[in-house]
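Observations on chain architecture
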Amino acid sequence: MPSMEPAVEKPQITIFDTTLRDGEQSPGCSMNVEEKLRMAQQLDRLGVDVIEAGFPIASEGEFQAVRLVAKSVRRPKIAALARCTTPDVEARGAGLEVAANSRIHVVLATSDIHLTAKLKMSREQCIAAACESVRLARTHCDDVEFSPEDATRTDLDFLCQVVQAVVDEGATTVNIPDTVGYTMPEEYGHIIRTLRERVRGIENVVISTHCHNDLGMAVANSLAAISAGARQIECTINGIGERAGNAALEEVVMAMRVRPTAIPLPPPS
């Protein structure tokens, strides 16, 4: 039965599919090079805007898979993940040099628990590393996405500082990951609204969502972020991914398609 909702004009929402990278971490979903290419071709047929092809520095096979996808799939933007280290960023640049449209996606944890227990890094060192990696990535690619890993458990004042720093360095997309599936829709929306209010130049940057489903909130949180001003959703086919998985591509797309007036959008910044 067709939707009874009236047609409304909506801002463009970018669909960023990470089935080939985050989705592959789901048990039983590991793919070889040929399978990754076949999946990327199907994602292209679906019309996704960005395909995250993988994590090139992880292995030679992963590097070759990213290059093959970048060379063979020409319409969508092809992204590759990099930690905030020079070897990671250089590998991403090399893996994507054959792409028609490319993006380097740089990630660094920002929550105090990750900084102290995993990275052994101070907040000041975190900001310095993030800025250095975004600058380096920009030498390889004009389109650079930065993700403050575990953003939803990061002190909000510090998160604003990190986001401000990478925006100043030229990041074109800032992704706000709910890395451990911890947040709730109103909390997540509040984070997005706060960034829009407090970060200079954020109106020139795409704010992205990346939600995990540990508490069953990945799709709800993604839609809450859209209502708060985010304009990109990171998702996977069938919601596959590490632990309980990611936001499901088919669910977020159909929610926006079938219920366009039920997802309120804020005015432009």
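The sections below set out a description of the structure shown in this document. (Residues numbered from 1 in each chain as written. Predicted model: local features only at pLDDT ≥ 70, side-chain atom pairs only at ≥ 80, totals over all residues. Heavy atoms only, no water.)

Thoughts on helix 2 (residues 60-72)
Along its 13 residues, helix 2 runs 18 Å from first to last C-alpha, staying within 8% of the 18 Å computed at 1.5 Å per residue. Turning to helix 2, its buried residues number three or more, namely Glu62, Phe63, Ala65, Val66, Val69 and Ala70. One face of helix 2 carries all of its buried residues, which in axial projection span an arc of 160°. Exposed residues pointing more than 90 degrees away from the buried face of helix 2 are listed as Glu60 and Lys71. (Helix = DSSP H or I, 4+ residues; strand = E, 2+ residues; numbered from the N terminus. Expected span 1.5 Å × (residues − 1). Buried < 20%, exposed > 50% of the residue type's maximum accessible area, 1.4 Å probe, protein only. Arc of directions from axis to C-beta.)

Section: the pairing of strand 7 (residues 206-211)
Along strand 7, five of the six residues are buried, which leaves the element largely enclosed by surrounding structure. One crossover worth recording links strand 6 (residues 173-178) to the parallel strand 7 by way of helix 7 (residues 185-198), and it is right-handed. Following the backbone out of strand 7, through helix 8 (residues 218-228) and into the adjacent parallel strand 8 (residues 232-235), one traces a crossover that is right-handed. (Right-handed = clockwise from strand over helix to strand, strands pointing away.)

Some words on the environment of phenylalanine 16
For phenylalanine 16, the position within the fold is in strand 1 (residues 14-17). Along the chain, phenylalanine 16 and valine 50 lie 34 residues apart, while their C-alpha atoms are 4.5 Å from each other. Excluding its chain neighbours within four sequence positions, the residues that come into contact with phenylalanine 16 are Val50, Glu52, Ala79, Arg103, His105, Glu145, Gln232, Ile233, Glu234 and Cys235. (Contact = heavy atoms within 4.5 Å.)

A look at the pattern of salt bridges
Evaluated as defined, the whole model comprises 19 salt bridges. Two residues, arginine 75 and aspartate 44, come together in a salt bridge whose shortest N-O distance is 2.8 Å. Of the two residues, arginine 75 sits in the loop between helix 2 and strand 3 (77-83) while aspartate 44 sits in helix 1 (residues 33-46), which places them 31 residues apart along the sequence. Measuring nitrogen to oxygen at the nearest pair gives 2.7 Å for the salt bridge that ties arginine 193 to glutamate 186. (Salt bridge = Lys/Arg side-chain N within 4 Å of Asp/Glu carboxyl O.)

Things to note about the sheet that holds strand 1
Strand order in the closed barrel made by the eight strands is 1-2-3-4-5-6-7-8, with parallel pairing throughout. For this sheet, the mean inter-axis angle between neighbouring strands, taken without regard to orientation, is 25°. Together, strand 5 (144-149) and strand 6 form the strand contacts of helix 6 (residues 156-168), whose direction differs from that of strand 6 by roughly 150°. Docked against the sheet, helix 7 engages strand 6 and strand 7, running at close to 160° with respect to strand 7. (Pairing = 2+ DSSP bridges. Axes fitted to C-alpha atoms, helices over the stretch in contact; angles between N-to-C directions.)

A look at helix 1
Across its 14 residues, helix 1 extends 20 Å between first and last C-alpha, which sits within 8% of the 20 Å expected from 1.5 Å per residue. Looking at helix 1, one finds that the buried residues are Lys36, Leu37, Ala40 and Leu43. Down the axis of helix 1, the smallest arc covering the buried residues is 120°, so these residues share one side. Opposite the packed face of helix 1, turned more than 90 degrees from it, sit the exposed residues Glu34, Arg38, Arg45 and Leu46. Against the buried residues of helix 1 lie strand 1, strand 2 (50-54) and helix 2. Between the side-chain oxygen at the start of helix 1 and the backbone nitrogen of glutamate 34 there is a gap of 3.2 Å, and the oxygen is on asparagine 32. Looking one or two residues beyond helix 1, the residue adopting positive phi is glycine 47, at roughly 95°. (Polar contact = N/O pair within 3.5 Å; in protein donor to acceptor, adjacent residues only side chain to side chain.)

A short note on the nonpolar core
By size, the foremost hydrophobic cluster in this structure holds 69 residues, and its most contacted members are Ile51, Ile78, Phe146, Val163, Ile176 and Leu195. If you tally residues by element for this core, the top one is helix 6, at seven residues. Excluding residues that lie within four positions of it along the chain, isoleucine 176 makes contacts with Pro148, Ala151, Val163, Tyr188, Ile191, Ile192, Leu195, Ile207, Ser208, Thr209 and His210. (Core = buried A, V, L, I, M, F, W, Y, C linked by side-chain atoms within 4.5 Å.)

Structural notes on unusual backbone geometry
Look at lysine 120: it is not a glycine, yet its phi comes out positive at around 55°. In this fold, lysine 120 is placed in the loop between helix 4 (112-119) and helix 5 (123-140). Judged by its relative accessible area of 64%, lysine 120 is exposed. Of note in the backbone geometry, asparagine 238 takes a positive phi value of approximately 60° without being a glycine. Mapped onto the elements of the fold, asparagine 238 is located in the loop between strand 8 and helix 9 (249-258).

Describing the state of the cysteines
As enumerated under the stated definition, the model contains zero disulfides in all. Cysteine 160 forms no disulfide, and the closest cysteine sulfur to it belongs to cysteine 126, at a distance of 14 Å. (Disulfide = S-S within 2.5 Å.)

Brief notes about the environment of glycine 181
Looking at where glycine 181 falls in the secondary structure, it is placed in the loop between strand 6 and helix 7. A residue is classified by how much of its surface remains accessible, and glycine 181, at 4% relative accessible area, is buried. For glycine 181 and histidine 210, which are 29 residues apart along the polypeptide, the C-alpha to C-alpha distance reads 9.6 Å. When residues no more than four places from it in sequence are discounted, the contact partners of glycine 181 are His212, Asp214, Leu215 and Arg243.

Function cannot be read off these values alone, since they describe shape.
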